[in-house]
Amino acid sequence: MNSGLKNTYDVIVVGGGHAGCEAALACARLGFSTLMLTGSIERIAAMSCNPAIGGVGKGHLVKEMDALGGQMPLIADLTGIHFRTLNSSRGPAVQATRCQSDMDRYQKAMSNVVFATENLKVRQDDVIGVFLNDTQHIGGVQTRNGGAVFARRVILTTGTFMGGQLHLGHQTTAGGRAGEAPSAGLSDSLRNLGIQLGRLKTGTCPRLDGRTIRNEILEEQLPETPAPRFAFNSGPPPLKQVSCRMTSTNRQTHDTILTAVSQGLAPIYNGQIGGVGPRYCPSIEDKVIRFAQKESHLIFLEPHGLDTYEVYPNGLSTSLPPAVQLQFLRTIRGLEDVEITRWGYAVEYDFVIPTQLYATLETKQIPGLYCAGQINGTTGYEEAAIQGLLAGLNVTASLQGTAAIVLPRHLAYAGVLIDDLVTLGTDEPYRMFTSRAEHRLLLREDNVYRRLMDVGHQTGLLEATRYAQMQAFENDVDAEIERIQKARIYPAEKVQAILSRLGSATISEPMPMGLILKRPEVDAHSIAELEEASGGVPHADARVRFRAAVEAKYAGYIERSKRNLQNQTDLEAVQIPAFIFDLQLSGMSNEVFDKLKKIRPRTLGQASRISGITPVAISLLLIAIKKGQAQT
Amino acid sequence: MIALDLHQNDTICAAATPALPSALAVIRVSGRDALAIKEQVFSPKKGVQKFFVATFGDVTGIDEAVCVAYPHGKSYTGEAAFELSVHGSPIVVQEVLKKLQDAGCRMAEPGEFSLRAVLNHKMDLCAAESVCDLISARSKEAAQVALRNVKGGLGKFLQPTRSCIVDVLCEMEARLDFPDEDLGEKQKERLLLDMENAAKLLQKLLDGAELGQKLIEGARVLLFGLPNAGKSTLLNTLLGQERALVHHLPGTTRDVVEALLVLGGIPVSLVDVAGIRDVQIAETVEALGIEKAHNEMERADAILWLIDATDTDAAKQTYLESLIQTIQAPVLKVFTKTDLLATKDFLKSPFEDGVLISAKTGAGIKELHAQVLQLLRKDASGQQEILLTRERQKVQVQIAHESLLLARKALQIGEADEVVASELRVAGEALDKLLGKSINQDVLDLIFSRFCIGK
């Protein structure tokens, strides 16, 4: 070997964000020599927007990563400073874990893991293009300073950096994030190879100097105790837990914004920004205009970390000019004297239209080239990270020659996410919602290990000891479910008192616990209380209690959901052979067939979810498939 | 849905017209060997230019027929094909089909010609399905219903129900996915009412489904009664022709005799079976017929219980009475042979709950028509614009209806919102199977247009 820089790897991961970290860690841990190329080593795993991880739909994704052997849940638990269960008063399928992170500690902890991982090298350089080898397979990447680097697989996780443009009032600068240069050249390189790019935008909030906020007059949002956790067996949070504050905009805030917009100062309204932004996370100027009847919008003030006084005012994303930002902020209760530490801005960027990807996240045009994260049109750390993880798993699967890891929609939110992206594409930054999952009752945080630990184990990414612990936990749950069915609640005085308090009918004779649990007003927590009052001994582990109670309480609905799923999986079971797309199916309109050819669905189920694909088109496909089988 | 048969290389044949005596009957043959088979079985007559008119069959011939041949690509199915117009005797048709099968044809499965047309890109599936409905429409009313459905009437009818489901889902989902937003509490009472109204619309559709299916598929009406009660006579009267063998000896009708007629827009198969006495006392051959009669009773949509008006001895009807009680179908008592009754007998009480007829004089036949129609349409009193005509449509609407009611109940008793949403979603998806839309996208669109989701 010569003494020069090693420039051949199994895998190159372009980008060191949340997708890049998971992808690189997965590949390296499974034994493949991996190079992470990042524009800025100091910014590996940076939380560039809000200081939070999880939430409804997103918390589900983080827990799924835990069962699959991902890193994000571990780091989030390590560096969280405020944990909560959202929707705790609602049913189990929409209860979700969320935490405020110490942004700085999160980033450092994750980069420490990246640097400590065997087989994983990190290099700071800009990737200006990708190239093919002589078999038209991906060959490697071209870097600005280090020339060509060769690899058998390349995963692009460039986030908002491709063709990135920042908007702050009338100012427009090239950049992927405030203070960082965009990845130039990569967009053109991909276009030249036949990959179609679209354009999206997203915004971020101004950051505030916490010392100038009048916290004492604002409503406090306390962290939950004991803290809910993302990762299995995490134990209590090691960091100090802090509160958030709540405030809201008012008429004066709205007037200030409207005046600025009418003066042509808002880039999203004066034609300066062309990309499409998310409808669920609109800028404050968007909200004020589109929902004019609303007098006030809630603002959550979230601390950036323990060692910093910066605060993130969640709900105030904006690209208005700096002067206007300060002006409207100071109309808000508690922010009368606030100082801004960083301005809010909007970023526009290129994304790979994700219908060009297989469900493995490999591009259809270029074998061996994978894309994961925001480059695929998603938004959010969690959405990015789980794509990175799955891209990493699929890259290793293809290098090993083992089966691809494609999670079905009824098994994981990750499956819903990727299926939606590659089947429907997206015309706004895609965020996970639980309502996107048609089998929501089956996709709960509480049953995540049951759903996915075997996949984690089979890929080899989930550590054997953790897998064994998860298995033991699930066995306990099974035993507890059985116990619940047999146990009885007796009409003791204390029992009646609890029932009355819950607004539930008292009992006149001993009743099976499972039956009482089915009452809508009785939940997993109160049933333990009732059992104790009745002289019984509830299971010692609260997680086992909760999980078993959920299974028992919702058994009927879960069963119905499964039956409904059964009816749908018929279409999922029919694989579409590739030759179908070369046929002339003229019974179908050209538009529909072109769509099918572009997306090349793997199964009839996937085909049926493509927008504009009618039941008639599905029937025609089925006929064509059967006809083809009959001929061969 | 058209049956999928994948033996595409077979040449298929079938009668394209019903097996009833008529002036002409058409037989269709399609497939790779169609034209070779035509050469084999059909001898053209000299001097006729446009169509082939010739003896069909061997030297003695089965019939004189007109033959229209289509080369590959030009026929209804897109395959090589020919059509024979023969004389409309069921016997002739049967013989011709037999001859064709001897020559290498296979009898076509139902819908197979249309399937081949779809496979060969002669027709899209939607058209094929409507064609099927229109073909099987055996009355003007049925054809109208089929046409209305083809033109999207069903979609329009279901739109308010679907909107309601999307609307209620939006209210639930917004609060589930965005708990930190100040969206206010859901308006439970309004949602409950909306769901109830949506369910009512579906119920209306289901109520009419039986009629819709009868319009397309036809109904079976069974003539039932003691031997010699006049069943075959009535059948012949209704048809206006000598269809069944009529004989005064009890037990003449040993086989099932079936005849088609249109009654108030509904194609009706009138079924005449062996007169029923007690099986034990009937002779063996007749007993077989009686077993068939029992089967027919299970299949019937309505039963006409014929009772000889001149012999109203209730004891004789006891066995029949016990049979009737095991059957779901509605029953109408028909007192026959009233021409043999003296006027005063008409006032006798046994005749109160039935129709009095005389096949001989035609008295009461009109009334019988009306009563039978009423039996068949009992669950669709008003004339409805949109009717479900196919079992698969009905199944989806049933799923939607059931889920909607379950969702409503779950909401009412305070079950978790995602349970309510889950059932609503099932309802929405079932309707989408009929209408071909995506409930997910619609719900999200509505959430973002209605609520300000800010974080």
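Residues numbered from 1 in each chain as written. Chains lettered and ligands numbered in written order. Predicted model: local features only at pLDDT ≥ 70, side-chain atom pairs only at ≥ 80, totals over all residues. Heavy atoms only, no water.

Colleague: Would you explain the overall build of chain A in this entry?
Modeller: Looking only at helices and strands, chain A has 20 helices and 22 strands in total. For chain A, with 632 residues in total, the buried portion stands at 61%. Contacts in chain A between residues at least 24 apart in sequence constitute 72% of all its contacts with a sequence separation of at least 6. By element, 51% of the accessible surface of chain A is carried by carbon and sulfur atoms, the whole surface being about 24100 Å². (Helix = DSSP H or I, 4+ residues; strand = E, 2+ residues; numbered from the N terminus. Buried < 20%, exposed > 50% of the residue type's maximum accessible area, 1.4 Å probe, protein only. Contact = heavy atoms within 4.5 Å. Areas by Shrake-Rupley, 256 points an atom, 1.4 Å probe, with all protein chains shown as cover.)

Colleague: Explain the overall build of chain B here, please?
Modeller: Along its length, chain B carries 14 helices and 13 strands. Counting every position in chain B, which comprises 455 residues, the buried fraction comes to 51%. By sequence separation, contacts in chain B at least 24 residues apart represent 67% of the contacts at least 6 residues apart.

Colleague: When you look at helix 6 (residues 251–262) of chain A in this model, what are you seeing that I'm missing?
Modeller: Since the α-helix packs 3.6 residues into each turn, any two residues three or four apart lie on the same face. Residues and elements named next belong to chain A. The end-to-end C-alpha separation of helix 6 is 16 Å, in line with the 16 Å expected for twelve residues at 1.5 Å each. Among all positions of helix 6, only Thr253, His254, Thr256, Ile257, Ala260 and Val261 are buried. Looking straight down helix 6, one finds that the buried residues subtend no more than 160° of arc, so they occupy a single side. Facing away from the buried surface of helix 6 by more than 90 degrees, the exposed residues are Gln252 and Ser262. Tucked into the core, helix 6 has its buried residues touching helix 7 (284–290) and helix 8 (322–329). The distance from a side-chain oxygen at the start of helix 6 to the backbone nitrogen of glutamine 252 is 3.0 Å, and the residue carrying that oxygen is asparagine 250. Phi turns positive, to about 75°, at glycine 264, one or two residues after helix 6. (Expected span 1.5 Å × (residues − 1). Arc of directions from axis to C-beta. Polar contact = N/O pair within 3.5 Å; in protein donor to acceptor, adjacent residues only side chain to side chain.)

Colleague: Would you mind showing me how to read the sheet that holds strand 3 (residues 52–54) of chain A here?
Modeller: Residues and elements named next belong to chain A. Reading across the sheet, the three strands line up as 3-5-4 and stay open at both edges, with antiparallel pairing between neighbours. The sheet is open, and its two borders are formed by strand 3 and strand 4 (80–86), each paired with just one other strand. In this sheet, neighbouring strand axes are inclined to one another by 20° on average, regardless of whether the strands run parallel or antiparallel. The pairing of strand 3 with strand 5 (residues 96–101) spans three bridges and is classified as antiparallel. Residue pairing across strands places isoleucine 53 opposite cysteine 99, the latter belonging to strand 5. (Pairing = 2+ DSSP bridges. Axes fitted to C-alpha atoms, helices over the stretch in contact; angles between N-to-C directions.)

Colleague: What should I look at first to understand the state of the cysteines in this one?
Modeller: In a disulfide, the sulfur atoms of two cysteines are held together by a covalent bond. Residue and element names in this part refer to chain B. Scanning the entire structure with this criterion turns up zero disulfides over all chains. With no disulfide partner, cysteine 13 has as its closest neighbouring cysteine sulfur the one in cysteine 105, 4.5 Å distant. For cysteine 13, a relative accessible area of 0% corresponds to the buried category. (Disulfide = S-S within 2.5 Å.)

Colleague: Where do I start with the nonpolar core in this structure?
Modeller: Taken as a class, soluble globular proteins show a tendency for nonpolar side chains to be buried jointly. By size, the foremost hydrophobic cluster in this structure holds 123 residues, and its most contacted members are Ile53, Ile155 and Leu156 of chain A. Sequence-distant contacts of isoleucine 155 of chain A, that is, excluding residues within four places in its chain, are made with Val11, Ile12, Val13, Val14, Ala23, Cys27, Tyr370, Ala372, Ala391, Gly392 and Val395 of chain A. The next biggest cluster of nonpolar side chains, apart from the first, holds 51 residues, and it includes Tyr280, Tyr554 and Leu565 of chain A together with Phe178 of chain B. (Core = buried A, V, L, I, M, F, W, Y, C linked by side-chain atoms within 4.5 Å.)

Colleague: Help me out: how do you make sense of the sheet that holds strand 13 (residues 354–356) of chain B in this one?
Modeller: Two pairing modes exist for strands in a sheet, parallel and antiparallel, and in both the strands are linked by backbone hydrogen bonds. Residue and element names in this part refer to chain B. Taken in spatial order, the six strands of this open sheet run 9-10-8-11-12-13, and their pairing is mixed. Because the sheet does not close on itself, it has two edges, and the strands there are strand 9 (257–263) and strand 13. Taking the axes of each pair of neighbouring strands and ignoring which way they run, one obtains an average angle of 25° across the sheet. Strand contacts of helix 8 (residues 231–239): strand 8 (219–225), strand 9, strand 10 (266–272) and strand 11 (302–308), with the helix running at about 40° to strand 9, the strand carrying the most contacts. This element, helix 11 (residues 365–376), spans strand 8, strand 9, strand 10, strand 11, strand 12 (331–336) and strand 13 of the sheet and lies at about 165° to strand 12.

Colleague: Can you help me understand the packing of aromatic side chains in this one?
Modeller: Pairs of aromatic rings are described using the distance from one ring centre to the other and the angle between the two planes. Residues and elements named next belong to chain A. Scanning the model with the defined rule gives six aromatic pairs over all chains in all. Considering the side-chain rings of phenylalanine 131 and phenylalanine 150, the 5.4 Å spacing of their centres and the 70° angle between planes classify their relative orientation as edge-to-face. Of this pair, phenylalanine 131 sits in strand 7 (residues 127–132) while phenylalanine 150 sits in strand 9 (residues 147–156), placing them 19 residues apart in sequence. Taken together, the ring pairs in this structure connect Phe232, Tyr449 and Phe473 into an aromatic cluster. When the ring centre of tyrosine 309 is taken as reference, the NZ or CZ atom of arginine 211 above it lies at 3.5 Å. Over the aromatic face of tyrosine 430 sits the side chain of arginine 436, whose NZ or CZ is 3.8 Å from the ring centroid. (Phe/Tyr/Trp six-rings, centres within 6.5 Å; stacked < 30°, edge-to-face > 60°. Lys NZ or Arg CZ within 6 Å of the ring centre and 35° of its normal.)

Colleague: Explain the side chain of arginine 123 of chain A to me, please; I cannot follow it from the model alone.
Modeller: Residues and elements named next belong to chain A. With respect to the helices and strands, arginine 123 occurs in strand 6 (residues 120–124). Aspartate 125 is the oppositely charged side chain nearest to the buried, salt-bridge-free arginine 123, at an N-O distance of 5.8 Å. Engagement of the side chain of arginine 123 in a polar contact is seen with the side chain of tyrosine 9, the distance being 3.5 Å. (Lys, Arg positive; Asp, Glu negative; His and termini not counted. Salt bridge = Lys/Arg side-chain N within 4 Å of Asp/Glu carboxyl O.)

Scope: geometric values only; no functional claims are made or implied.
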